[in-house]
Amino acid sequence: MSHAIQAVRGMNDLLPDQLTRWRRLESAARHALAAYGYREIRFPLVEKTELFARSIGDVTDIVEKEMYSFEDKSGERLTLRPEGTAGCVRAGIEHGLLHNQVQRLWYLGPMFRHERPQKGRYRQFHQIGVEAFGLAAPELDAELILLSARLWRALNLSGLTLEINSLGSPAARAAYREKLVTYFRAHVDRLDADSLRRLEKNPLRILDSKNPALAEVVSKAPNLQENLDEESRAHFARVLAVLDAQGVVYRINPRLVRGLDYYTRTVFEWTTDRLGSQSAVCAGGRYDGLVEHLGGRATPAAGFAFGLERLVELLELQNDPGESEPVDVYLLAHEAGTLPETLLLAEKLRDLSLRVETDVSLGSLKSQLKRADKSGAAVAAWLEAPAGRAVIKSLRSDAAQQTLEQGELMGALALTFSKKI
Ligand code: AMP
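What comes next concerns the included structure.

Thresholds, definitions, all that
- Residues numbered from 1 in each chain as written.
- Predicted model: local features only at pLDDT ≥ 70, side-chain atom pairs only at ≥ 80, totals over all residues.
- Heavy atoms only, no water.
- Pairing = 2+ DSSP bridges.
- Helix = DSSP H or I, 4+ residues; strand = E, 2+ residues; numbered from the N terminus.
- Phe/Tyr/Trp six-rings, centres within 6.5 Å; stacked < 30°, edge-to-face > 60°.
- Buried < 20%, exposed > 50% of the residue type's maximum accessible area, 1.4 Å probe, protein only.
- Near = heavy atom within 4 Å.
- Polar contact = N/O pair within 3.5 Å; in protein donor to acceptor, adjacent residues only side chain to side chain.
- Areas by Shrake-Rupley, 256 points an atom, 1.4 Å probe, with all protein chains shown as cover.
- Axes fitted to C-alpha atoms, helices over the stretch in contact; angles between N-to-C directions.
- Parallel < 35°, antiparallel > 145°, perpendicular 65-115°, else oblique.
- Contact = heavy atoms within 4.5 Å.
- Nonpolar A, V, L, I, M, F, W, Y, C, P; charged D, E, K, R; others polar.
- Salt bridge = Lys/Arg side-chain N within 4 Å of Asp/Glu carboxyl O.
- Patch = residues over 30% accessible without salt bridge, like charges linked within 9 Å, V, L, I, M, F, W, Y side chains within 5 Å.
- Expected span 1.5 Å × (residues − 1).
- Arc of directions from axis to C-beta.
- Core = buried A, V, L, I, M, F, W, Y, C linked by side-chain atoms within 4.5 Å.

**Let's talk about the pairing of strand β3 (residues 68-71)**
Step number 1: Note that β3 and strand β4 (residues 77-80) share 4 bridges and pair antiparallel. Residue pairing across strands places Glu71 opposite Arg77, the latter belonging to β4.
Step number 2: Here β3 folds back onto β4, and the loop between the two strands holds 5 residues, one of which, Gly75, carries a positive phi near 85°.

**Re the packing of aromatic side chains**
Step number 1: On inspection of all chains with the given rule, the structure shows 7 aromatic pairs.
Step number 2: Seen in terms of ring centroids, Trp152 and Trp270 are 5.8 Å apart; in terms of plane orientation they differ by 85°. Their pairing is edge-to-face. Residue Trp152 is located in helix α5 (residues 138-154), and its partner Trp270 is located in strand β9 (residues 264-272); the two are separated by 118 residues in the primary sequence. In this structure, Trp152 and Trp270 share a single accessibility class: buried.
Step number 3: Taken together, the ring pairs connect Trp152, Phe268, Trp270, Phe304 and Phe306 into an aromatic cluster.

**Observations regarding the pairing of strand β11 (residues 301-307)**
Step number 1: Within β11, 7 of the 7 residues are buried, which leaves the element mostly enclosed by the surrounding structure.
Step number 2: Of the two faces of β11, both are covered, the one formed by Ala301, Gly303, Ala305 and Gly307 as well as the one formed by Ala302, Phe304 and Phe306.
Step number 3: The pairing of strand β6 (residues 124-133) with β11 spans 7 bridges and is classified as antiparallel. Residue pairing for β11: Ile128 is matched across the bridge by Phe306.
Step number 4: Bridge count for strand β10 (residues 280-286) against β11 is 5 bridges, and the pairing is antiparallel. Opposite Arg286, over in β11, you have Ala302 as the bridge partner.

**Points about the site of the ligand**
Step number 1: In the vicinity of the ligand, 15 residues are found, and the nearest of them are Arg113, Glu115, Tyr122, Gln127 and Arg258.
Step number 2: At a separation of 2.8 Å, an oxygen atom of the ligand approaches a polar side-chain atom of Arg113.
Step number 3: The separation between an oxygen atom of the ligand and a polar side-chain atom of Gln127 is 3.0 Å.
Step number 4: In isolation the ligand has 480 Å² of accessible area, and contact with the protein removes 90% of it.
Step number 5: Listing elements by their share of the shell around the ligand, those giving two or more residues are β6, β10 and β11.
Step number 6: When residues of the shell around the ligand are assigned to their parent elements, the largest contribution, 4 residues, is made by β10.

**Let's talk about the packing of helix α2 (residues 49-56) against helix α4 (residues 85-94)**
Step number 1: Contact geometry for α2 and α4: axes closest at 9 Å, N-to-C directions at 105°. Relative to α4, α2 is oriented roughly perpendicular. On α4, the residues touching Leu51, Phe52 and Ser55 of α2 are Ala86, Gly87 and Arg90.
Step number 2: A class-by-class count of the residues in the contact of α2 with α4 yields 3 nonpolar, 2 polar and 1 charged.

**Observations regarding the side chain of Ser169**
Step number 1: Position of Ser169 among the secondary structure elements: in the loop between β7 (160-166) and α6 (170-185).
Step number 2: In this structure the side chain of Ser169 is engaged in a polar contact, spanning 3.0 Å, whose partner is the backbone nitrogen of Ala172.
Step number 3: Setting aside anything within four residues of it in sequence, one finds Ser169 in contact with Asp229, Ser232 and Arg265.

**Some points on the pattern of salt bridges**
Step number 1: Summed over the entire model, instances satisfying the criterion amount to 30 salt bridges.
Step number 2: A salt bridge links Lys48 to Glu76, with the shortest nitrogen-to-oxygen separation between them at 3.8 Å. With Lys48 in strand β2 (residues 46-48) and Glu76 in the loop between β3 and β4, the pair connects residues that are 28 residues apart, well separated along the chain.
Step number 3: Residue classification places Lys48 among the partly exposed residues on the basis of a relative accessible area of 47%.
Step number 4: Of the charged contacts in the structure, one is a salt bridge between Arg190 and Glu216, with a shortest N-O distance of 3.4 Å. Here the residue Arg190 occupies a position in the loop between α6 and α7 (193-201), and Glu216 occupies one in helix α8 (residues 215-219), the gap between them amounting to 26 residues.

**Here we look at a nonpolar patch on the surface**
Step number 1: Together, Leu45, Val46 and Phe70 make up a nonpolar patch on the protein surface, roughly 200 Å² of accessible area in all.
Step number 2: Structurally, Leu45 is set in the loop between β1 (39-40) and β2.
Step number 3: Judged by relative accessible area, Leu45 falls into the partly exposed class, the value being 35%.

**Observations concerning the environment of His187**
Step number 1: Tracing the backbone through its elements, the reader meets His187 in the loop between α6 and α7.
Step number 2: It is 80 Å that separates the C-alpha atoms of His187 and Ile392, two residues lying 205 residues apart in sequence.
Step number 3: Polar side-chain contacts of His187 include one of 2.8 Å to the backbone oxygen of Tyr183.

**Comments concerning helix α9 (residues 230-245)**
Step number 1: Here α9 is 16 residues long and its end C-alpha atoms lie 22 Å apart, about the 22 Å a rise of 1.5 Å per residue gives.
Step number 2: Buried within α9 are the following residues: Ser232, His235, Phe236, Val239, Leu240 and Leu243. All buried residues of α9 project into a common sector of 130° when viewed along the axis, lining one side. Turned more than 90 degrees away from the buried face of α9 sit Glu230, Glu231 and Ala245, all of them exposed.
Step number 3: On its buried side, α9 packs onto α5, β7, β8 (251-252), β9 and β10.

**Focus: the side chain of Glu115**
Step number 1: By the secondary structure assignment, Glu115 is in the loop between β5 (103-112) and β6.
Step number 2: Judged by its relative accessible area of 16%, Glu115 falls in the buried class.
Step number 3: When near neighbours in sequence (up to four residues on either side) are disregarded, Glu115 contacts Glu66, Arg121, Tyr122 and Arg123.

**Some remarks on the nonpolar core**
Step number 1: Core analysis: the biggest nonpolar cluster contains 45 residues, and Val89, Phe133, Phe184 and Leu207 have the highest contact counts within it.
Step number 2: Secondary structure elements with two or more residues in this core: α2, α3 (61-66), α4, β5, β6, α6, α8 and α10 (290-293).
Step number 3: Here this core gets 5 residues from one element, more than from any other, and that element is α6.
Step number 4: If you look at the next biggest cluster of nonpolar residues, it comprises 44 residues, including Leu25, Ala142, Ile164 and Val312.

Below, the structure written as structure tokens:
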């Protein structure tokens, strides 16, 4: 026997029993997205490396360390998408979806980051991303948050905390950045290697540092909230006013800066205390400069993405039953002679829109009934050849087994499931 080949580290198989909760999450998300008028968009898993370098920013963990990049046979530098916003914006510009119009878009799919795998952190993981273009009003930022909150309610998820911040206008952010650089330069001796690297190119990320040795120097750094421009302050106040009016509880976190370069004004993150160190389940914000930065006309935009693995994990923790698609009828056959007829009957039942699983194993009645039960079907049925009889057995109630004429079986099953023949 040759050795079995295993999956790539950090990339998971999702097995049928796990997918019931994925399906529940995805259908709740589709439902919530439709309730706000979002339309699905799909774009490739692979893009030119340059797209991510330009949009996410050179001095981010993603671009510096985590991208799956390769050269294809014609020498083009390509990357497996580490997130969806860049590809979505690229597609929107390329197909003229963004200029002078409003677009509310969403997508679902795998993302790839070469991180150190651990529980809740994978190299292939899945996100649903939501992006709205052409709307500068702070009420849009608030509506995005309401959408996410509505989804958590639909999933009965509790224990999620909303953190929110404003990064200000690009000009205010640039001025604040200078202040930060000056401050941290005066304290270089207390910075770690990561922060030193970020000092010139992405100093806001130092505020995000998880290194406890930096806690003090970071806590005394100039405060972003105190350095906001007037317009951003007013924008932020309007976002919060909607949240207040809707009773959405939040915590303003002046150190929430997000890892990506392209955010302006509102940024937010939903976290949970139930998943250990990988606590972020959803994150997003406004990115008014990105469309222009990627070669389109200036277009205000905001969005967020949530990680499906972590939300499914939460559903598991609260024993959510998930969404399965059991068959209605398990049609078995324990005499070889009845097999052809059994298959024909199954086809007729499917014509009535019943879901039917056949058992062609010719195993004992007992073993087939066991499988019938496991299949989740509501009833099992079979033909009894010599006597021209058929049997229906309820698998979900104590109702007595019913024996009838073969010719009546289809009608009886149709009746059971309220289908018209
Ligand atoms: P980000 O694009 O980094 O803001 O991530 C948005 C969401 O995607 C996070 O809140 C997580 O739920 C999820 N996520 C990000 N990276 C990973 C990963 N490596 N594995 C699993 N989920 C992830």
